[in-house]
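Close look at the chain arrangement
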Amino acid sequence: MKSIYGNQYIAILGAMGEPGNTVKVLDDKGKNLGVYKVLDSTTGQVLKSIKKVKGNSIYDLYIFDKKI
């Protein structure tokens, strides 16, 4: 995902997103980490083979906990 307010990229394990949708990302304490646009979504089977996401090889990685 890419921040809609900047040039920050993150990846989230455990959640499938629809490319083009925007989502609000919260940490485990409910703090807003930002609003992000979904760039791509994939299954875990091909995760090891992915080296770049939309040309970006550096991004923060988060694990999805629950839907609010």
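These remarks concern the structure in this document. Just so we're clear, the structure is a prediction, and the values are computed from it rather than from any experiment. (Residues numbered from 1 in each chain as written. Predicted model: local features only at pLDDT ≥ 70, side-chain atom pairs only at ≥ 80, totals over all residues. Heavy atoms only, no water.)

**As for the pairing of strand β3 (residues 22-26)**
- Here β3 pairs with strand β4 (residues 32-37) via five bridges, running antiparallel. When the sheet's bridge partners are listed, V25 is paired in β4 with G34.
- The turn joining β3 and β4, which pair antiparallel and follow one another in sequence, is formed by five residues; a positive phi near 90° is taken by G30. (Pairing = 2+ DSSP bridges. Helix = DSSP H or I, 4+ residues; strand = E, 2+ residues; numbered from the N terminus.)

**What to know about the environment of I4**
- Summarising the element assignment, I4 is placed in the loop between β1 (2-3) and β2 (10-13).
- On a C-alpha basis, the gap between I4 and G34 in space is 8.3 Å, while along the polypeptide they are 30 residues apart.

**Considering the pattern of salt bridges**
- Counting across every chain of the model gives one salt bridge.
- A salt bridge links K29 to D28, with the shortest nitrogen-to-oxygen separation between them at 3.9 Å.
- Given a relative accessible area of 72%, K29 falls into the exposed group. (Salt bridge = Lys/Arg side-chain N within 4 Å of Asp/Glu carboxyl O. Buried < 20%, exposed > 50% of the residue type's maximum accessible area, 1.4 Å probe, protein only.)

**Digging into the sheet that holds β3**
- Pairing is antiparallel in the open sheet, where three strands are placed in the order β1-β4-β3. If you trace the sheet from one side to the other, it starts and ends with β1 and β3, each paired once.
- Pairing of β1 with β4, which is carried by two bridges, proceeds in the antiparallel orientation. From the neighbouring strand, S3 faces β4, where its bridge partner is Y36.

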